Amino acid sequence: MLGDEAVARAAEAAAGHSSERIIDTSSGRDDGLNKCPRCGSTEIQYSLTAKALVCSYCRHSWNEDIAEQRFGLDSSIAELRGHTMASGTADVREDLTTVTLKCQGCGAEIVLNVDQQMQARCHWCRQTLSINSQIPNGAVPDAVLPFLLTREEAVERIDAFAGKRKTFALGRFTQEFVPENVMGVYIPYLVVDGNMHAVLRGTGEVTTREYTVRRRVGKDNYVTETYYDADVYAVQRAFDLLVDDLTVESASRFDADENEEATNNILNAVQPYDTENAVTYNSNYLKGFTSERRDLNVRDVDAEVEDKFLAIARAKATPTISRYDRGVRWKEEGVAVHGTRWVSIYVPVWLYSYADSAKGEGALTHYIAVNGRTGTTMGSVPVSHPKIFAASCAAGAVAAVVGALAGLAYMFF
Ligand SMILES: [Zn+2]
Ligand SMILES: [Zn+2]
């Protein structure tokens, strides 16, 4: 069969190209001084007003190059063979906790705890020293998607989000809302492109006749039953598939347990991100924000990525099977991956967290997240049970809601 040959060919091709190609995404700067290109100062900060890096001395403002273009990460996906990895996707080394930086200003050696920080001030000459290279500790991505939304804009979004749900929200939640607790966080993602051949095989049914039969049951009773006649076909779809910029979370805490799953769902819900606009890493983008380190490696998310590739393949095949009015059931499905390309990236999120003060230590934490690029907002708001009960009484849906209340700790909207 056509599909078999194609899959065999693809598998062979993939095996022949199993070697990895590494694309070096380092800035070319040594670790240490990260200077303003105009005046040489190291006092640089990302400004949300200018939406650019701004030098505190000469006010020069600029952004780093778009990473895809700078490193050729946007070359044709159809030509990908084997694994192409940007250098920031290297396996995370847990033991790498400190780096010694030599200050190019005065020659002093400064030890930096890279678990906690990417920058430190030289205590002799007061200049800022930065980690400028892709050290493999999960804290240095290939590219950064800078914040566009200001804190004030994020607070407005969160206020509006919580406000709309005031009817159900816990009184304390709305009273205790503290805009200062809204934090700018960079969340790590792996972005993957894939060049593959997909094959789906199964059976599809087409109705040929539909009729009813009246059947006698017992002495005087009749029942009417509907029958279908259908032709059953073997269905196969085989096609080349190119996937561009699939994003997967690369911090394990987001799928750790039930509690954290809530965060994970919320972060998924504020996607997508315009990852194609991410700029080359410069530690000054992270100043004033917190960031979550990547602790998952490419092989840790490989299975998840393959599942997503399959789901995309199924969706792609759907418009081609509409003639099977009684549906198609895929029994075998697979993708032969010719090539992938991996890039690690930080995306911006404004995050508000709230733990119910009345419930003390270990209380479920609620989050409202705002996409730092688009403003898309999603969250879980602690629910006041009597308020839901009252509202549902009014709506006349008591039974259903009471049933659902038993296990209800939080609600997604
Ligand atoms: Zn300057
Ligand atoms: Zn120094």
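Rules and cut-offs
Residues numbered from 1 in each chain as written. Chains lettered and ligands numbered in written order. Predicted model: local features only at pLDDT ≥ 70, side-chain atom pairs only at ≥ 80, totals over all residues. Heavy atoms only, no water. Salt bridge = Lys/Arg side-chain N within 4 Å of Asp/Glu carboxyl O. Helix = DSSP H or I, 4+ residues; strand = E, 2+ residues; numbered from the N terminus. Buried < 20%, exposed > 50% of the residue type's maximum accessible area, 1.4 Å probe, protein only. Pairing = 2+ DSSP bridges. Expected span 1.5 Å × (residues − 1). Contact = heavy atoms within 4.5 Å. Donors = N, O, S within 2.8 Å, 3.2 Å for Na, K, Ca; no water. Tetrahedral: all angles 85-135°; square planar, octahedral: opposite > 155°, others 65-115°. Bend = angle between axes of the 7 residues up to and from the residue. 1 Å grid on protein atoms, 1.4 Å probe; cavity = no way out; pocket = protein on both sides within 12 Å on 5 of 7 lines; lining within 4 Å. Points joined across faces, edges and corners; volume = space filled by probe spheres on them. Nonpolar A, V, L, I, M, F, W, Y, C, P; charged D, E, K, R; others polar.

**Student:** Before we move on, could you go through the pattern of salt bridges and cite the residues and values that matter?
**Tutor:** This model, assessed by the stated rule, comprises 13 salt bridges. Across the pair Asp229 and Arg209 runs a salt bridge, and its minimum N-O distance is 3.3 Å. With Asp229 in strand E13 (residues 221-249) and Arg209 in strand E12 (residues 182-217), this pair connects stretches of sequence that are 20 residues apart. Residue Asp229 is classed as partly exposed on the basis of its relative accessible area, which comes to 26%. The partner of Lys308 in a salt bridge is Glu304, and the shortest N-O contact between them spans 3.4 Å.

**Student:** Outline the pairing of strand E4 (residues 52-55), listing residues and values.
**Tutor:** Each regular strand displays side chains that alternate between the two surfaces of the sheet. As judged from the four bridges shared by strand E3 (residues 44-47) and E4, these two strands associate in the antiparallel manner. Paired with Gln45 across the two strands is Val54, which belongs to E4. A loop of four residues connects E3 with E4, the two strands running antiparallel in sequence, and Lys51 in this loop sits at a positive phi of about 55°. Linking E4 back to strand E5 (residues 61-62) in an antiparallel pair, the connection comprises five residues, with Arg59 at a positive phi of about 65°.

**Student:** So, helix H3 (residues 151-164): which residues are in play, and what are the values?
**Tutor:** Across its 14 residues, H3 extends 20 Å between first and last C-alpha, which sits within 8% of the 20 Å expected from 1.5 Å per residue. At its buried positions, H3 is contacted by helix H4 (171-175), E12, strand E16 (328-355), strand E17 (365-371) and strand E18 (377-382).

**Student:** Could you give me a rundown of the coordination of the zinc ion (ligand 1), with the residues and numbers involved?
**Tutor:** Protein coordination of the zinc ion (ligand 1) is provided by Cys36 (SG), Cys39 (SG), Cys55 (SG) and Cys58 (SG), with donor distances spanning 2.3 Å. Because the angles between the four donor atoms bound to the zinc ion (ligand 1) fall within 103 to 114°, the donor set is best described as tetrahedral.

**Student:** Residues and numbers for helix H6 (residues 298-317), please.
**Tutor:** End to end, H6 covers 27 Å across 20 residues, agreeing with the expected 28 Å (1.5 Å per residue, within 8%). Along H6, the largest kink reaches about 30° and is centred on Glu304. Restricting attention to buried positions, one finds in H6 the residues Val298, Val301, Val305, Phe309, Leu310, Ala313 and Ala317. Taken together, the buried residues of H6 touch strand E6 (82-86), E12, E13 and E16.

**Student:** So what about the environment of Val305? Which residues, and what values?
**Tutor:** Along the chain, Val305 turns up in helix H6. Apart from the residues lying within four places of it in its own chain, the contact partners of Val305 are Val192, Leu246, Val248 and Trp342.

**Student:** So what about the sheet that holds E3? Which residues, and what values?
**Tutor:** In spatial order, the strands read E3-E4-E5; together these three strands make up an open sheet with antiparallel pairing. Sheet topology places E3 and E5 at the edges, where each strand pairs with a single neighbour.

**Student:** Describe the side chain of Ser41, with residues and values.
**Tutor:** In this fold, Ser41 is placed in the loop between strand E2 (32-33) and E3. With a relative accessible area of 10%, Ser41 lands in the buried category. Setting aside anything within four residues of it in sequence, one finds Ser41 in contact with Asn34, Lys35, Cys36, Cys55 and Tyr57.

**Student:** Which residues make up the coordination of the zinc ion (ligand 2), and what are the values?
**Tutor:** Around the zinc ion (ligand 2), the protein supplies Cys103 (SG), Cys106 (SG), Cys122 (SG) and Cys125 (SG) as donor atoms, at distances of 2.3 to 2.5 Å. Taken together, the four donor atoms coordinating the zinc ion (ligand 2) span angles of 101 to 118° at the metal, a pattern that classifies the geometry as tetrahedral.

**Student:** Outline the sheet that holds strand E9 (residues 119-121), supporting the account with residue identities and numerical values.
**Tutor:** One open sheet holds the three strands; their spatial order is E2-E10-E9, and the pairing between them is antiparallel. Single-partner strands in this sheet number two, and they are E2 and E9. In the sheet, E9 pairs with strand E10 (residues 128-130) via three bridges, with the strands oriented antiparallel. Its bridge partner being in E10, Ala120 is matched across the sheet by Leu129.

**Student:** Mind laying out empty space enclosed by the protein, listing which residues take part and the relevant values?
**Tutor:** Taken as a whole, this structure holds three cavities of 30 Å³ or more when the rule is applied. What lines the largest cavity is Ala67, Glu68, Leu73, Ala143, Val191, Asp193, Asp245, Thr275, Ala278, Arg341, Val343 and Ile345. Sorting the residues of the lining of the largest cavity by element identifies helix H2 (67-70), E12 and E16 as the ones contributing at least two each. For the lining of the largest cavity, the element with the highest residue contribution is E16, accounting for three residues. Along the lines of polarity and charge, the residues of the lining of the largest cavity split into seven nonpolar, one polar and four charged.

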